[in-house]
Amino acid sequence: MEISMAAIMSIVALVIVVIISCVNEDLNVGFLSIGFAIIVGGIWGGLTGAKVMESFPLSLFMILVGVTFMFGMAQTNGTMEKLTSYSVRLCKGNTALIPLIVYALTTFVTTIGPGNIAGCALMAPVAMAIAARVGMPAFLMTLIVVGAANGAAFSPFAPTGIISNGIIAKMAPGLGIPAEQLNSLAWKIHFNSELAQGFVNIGGFFVLGGWAWIQKQRGASLNIDELAPKPEPFNKHQWLTLAMVFVLIIMVVLPGLPAFKPFFKANVWLANMLSNVGTVAFILSGVLMLAGSGDSKASVKVMPWGVIMMVCGVSVLIDVMDKAGGLNAMVKMIGAISNSTTINFFLGLIPGIISAYSSSSGVVMPMFLPMVPGLIKEIGGGNPIAMISSINIGAHLVDTSPLSTLGALCIACAGEHEDKAKLFRNLLIWGLAMSVVGAVVCYVFFGLLGF
């Protein structure tokens, strides 16, 4: 296989970016990626700087900004915190129900829009305080919180899901996927994530002591007001915020339902406004601002700008790499050791290993997802949904590691009685092991069983 100098240098640039993302968390590799893309494109690819900048995924950027801004307002005006507090009280002091309540609540909060990092940030302090109160090991509660957050991360309303779906939409023509199927495809990928994450993390919870803990709690109860003090009632601004979140979900789901397609086809102006989750979020954010229900300055400050720029910057470098032939070279390398079934193992393993030390959604997904069309051609077949799911799940199963934001959040919130050094070590072992476990799960679920 002959590789051009442009392809080699684009691969070298990507490798440098990945290594830096693994060893230096303070450096935003998105900006670095754009710089490398301009250098590689200009010297070896015959591209001007302006041409390179045309690769910036503006549509994806705006969708991420719209959704994270809206949920920034829901977070800063106290709506999400109160929703969490009221939901925890559903267990009514029955301690054995706590793992189920926490898992379901984390899944719900993540799914409706804030995403896995924000969902974990909301739930970790509450969940870890409850774990300390009821005598549950912090390690087990971490599996519940992080597993639920990452399982729901690929919701079409959540930032990670938006990133995945944005990249998929760009490569859909190469996969032969019609535009009208993208919405149902997004929910299928979300379901696959919930299935795999739930199987691994809930299974790990029960096997590593969760079942024994639940057995001890039979008949035990606590004063619910001690476990989770009742918050103040929702005020009018928080009720409006909840209404806007509900409208966001409805307005994104309805156009994809067969019963409503004729209506939106007849009302093109409405279909144009509701063309994606980002456009709807901008409109609803405007309603909240005009009603005085959201602090736009505070919301902008809590938006994940670092992740947004990582995703967009790495996407620019990947696009230049594709033009230079580097992406095709990497596809051939992976294809040489795979077939249409085993490819799911390698697409779970390699992203998982890299993601253990790097950003799952900011670096790994933009790097590997664009390879799917080429891999299908290279190995002579394969299920694109299975391959996409393997990359996404492999990259996120390792995020229980304390080296990731989610694992670190749980350690930071663990009770004072916990041995933090031991917790760090256990989570690190679990997280690193997930690169292999995730690969096996992807191989079985998506390669052998065909989910």
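Structure: above.
Basis of the calculations
Counting starts from 1 at the beginning of each chain's written sequence and moves along it residue by residue. For this predicted model, a pLDDT threshold of at least 70 governs which residues receive local features, and a threshold of 80 or more governs which side-chain atom pairs are given and counted, while totals over whole chains, interfaces and linings are taken from all residues. Processing note: side-chain calculations cover all non-hydrogen atoms of the structure and skip hydrogens and water entirely. Only DSSP runs of H or I covering at least 4 residues are called helices, and only runs of E covering at least 2 are called strands; the numbering of each starts at the N terminus. For the radius of gyration, the atom set is restricted to C-alpha positions; the globular benchmark scales as 2.2 Å times the number of residues to the power 0.38. Residue exposure (1.4 Å probe, protein chains only): buried if accessible area is under 20% of the type maximum, exposed if over 50%, otherwise partly exposed. Whether two residues touch is decided by their heavy atoms; if any such pair falls within 4.5 Å, the residues are in contact. Accessible surface area values rest on a Shrake-Rupley calculation with a 1.4 Å probe, where residue burial reflects the displayed protein chains alone. When charges are counted, neither His nor the chain ends are considered; positive counts come from Lys and Arg and negative counts from Asp and Glu. A charge is said to be at NZ when it belongs to Lys, at CZ for Arg, at CG for Asp and at CD for Glu. Here a Phe, Tyr or Trp ring, Trp counted by its six-membered ring, pairs with any other such ring whose centre lies within 6.5 Å, and the pair is stacked when the planes are under 30 degrees apart, edge-to-face when over 60, and tilted otherwise. Helix span, expected: 1.5 Å multiplied by one less than the number of residues in the helix. What makes a nonpolar core is a set of buried Ala, Val, Leu, Ile, Met, Phe, Trp, Tyr and Cys residues whose side-chain atoms join them at distances within 4.5 Å. Whenever a carboxyl oxygen of Asp or Glu lies within 4 Å of a side-chain nitrogen of Lys or Arg, that contact is scored as a salt bridge. Lines fitted to the C-alpha atoms define the axes, with helices restricted to the stretch that makes contact. Angles between their N-to-C directions range from 0 to 180 degrees. The scheme is simple: roughly parallel for angles under 35 degrees, roughly antiparallel for over 145, roughly perpendicular for 65 to 115, oblique for anything else. For any pair of crossing helices, the crossing counts as left-handed if the nearer helix is rotated counterclockwise from the farther one by less than a right angle, and right-handed if it is rotated clockwise. Only Asp, Glu, Lys and Arg are considered charged, only Ala, Val, Leu, Ile, Met, Phe, Trp, Tyr, Cys and Pro nonpolar, and every remaining residue, Gly among them, polar.

### So, the overall build of the protein
Then, number 1: Counting secondary structure elements, the protein contains 24 helices and 0 strands.
Then, number 2: For 451 residues, the compact-globule estimate of 2.2 N^0.38 gives 22 Å, and the C-alpha radius of gyration of the protein, at 22 Å, lies within 12% of that figure.
Then, number 3: When its C-alpha atoms are laid out on the principal axes, the protein stretches across 70 × 50 × 40 Å.
Then, number 4: Expressed as a percentage of the 451 residues in the protein, the buried residues total 55%.
Then, number 5: Of all intrachain contacts in the protein linking residues separated by at least 6 positions in sequence, the fraction that spans at least 24 positions is 82%.
Then, number 6: Here the protein displays about 18,600 Å² of accessible surface, and carbon together with sulfur accounts for 67% of that area.
Then, number 7: Taken together, the 21 basic and 18 acidic charged side chains of the protein have centroids lying 7 Å from each other.

### A look at the packing of aromatic side chains
Then, number 1: Applying the stated criterion across every chain yields a total of 10 aromatic pairs.
Then, number 2: Residues Phe345 and Phe346 carry aromatic rings whose centres are separated by 5.4 Å and whose planes lie at 85° to one another, so their mutual orientation is edge-to-face.
Then, number 3: For Phe345, a relative accessible area of 24% translates into the label partly exposed.
Then, number 4: Considering the side-chain rings of Phe445 and Phe446, the 6.4 Å spacing of their centres and the 85° angle between planes classify their relative orientation as edge-to-face. With respect to burial, Phe445 and Phe446 carry one shared label: buried.

### Focus: helix H17 (residues 305-324)
Then, number 1: Across its 20 residues, H17 extends 29 Å between first and last C-alpha, which sits within 8% of the 28 Å expected from 1.5 Å per residue.
Then, number 2: Of all 20 residues in H17, 15 are buried; the element is thus mostly enclosed.
Then, number 3: Once H17 finishes, Gly325 follows within two positions and takes phi at roughly 95°, a positive value.

### Some remarks on the side chain of Ser401
Then, number 1: Checked against the element boundaries, Ser401 lands in the loop between helix H22 (384-397) and helix H23 (405-413).
Then, number 2: For Ser401, the residues in contact, after removing those within four places along its chain, are Gly407, Ala408, Leu427, Leu428 and Gly431.

### Section: the nonpolar core
Then, number 1: Residues Met141 and Leu248 are the most contacted members of the largest nonpolar core, which totals 139 residues.
Then, number 2: In this structure, Met141 is in contact with Ile98, Val102, Ala127, Met128, Ala131 and Met136, ignoring residues within four places of it in sequence.

### Here we look at the pattern of salt bridges
A side chain of one charge can pair with a side chain of the opposite charge when the charged atoms of the two come close.
Then, number 1: If you walk through the whole model with that rule in mind, you get 4 salt bridges.
Then, number 2: A salt bridge links Asp319 to Lys323; the nearest nitrogen and oxygen atoms lie 2.4 Å apart. With Asp319 and Lys323 both in helix H17 and 4 residues apart, this pair spans about one turn of that helix.
Then, number 3: A residue is classified by how much of its surface remains accessible, and Asp319, at 14% relative accessible area, is buried.
Then, number 4: Several salt bridges converge on common partners, so that one network encompasses Lys170, Asp319 and Lys323.

### Quick look at the packing of helix H1 (residues 5-23) against H17
Then, number 1: At a minimum axis distance of 8 Å, the contact between H1 and H17 shows a crossing angle of 155°. Overall, the two elements H1 and H17 adopt an arrangement that is roughly antiparallel. With respect to the hand of their crossing, H1 and H17 are arranged in left-handed fashion. Here Ala6, Ala7, Ser10, Ile11, Ala13, Leu14 and Val17 of H1 come into contact with H17, specifically with Leu317, Ile318, Met321 and Ala324.
Then, number 2: Here the residues of the contact of H1 with H17 are counted per class, giving 10 nonpolar, 1 polar and no charged.

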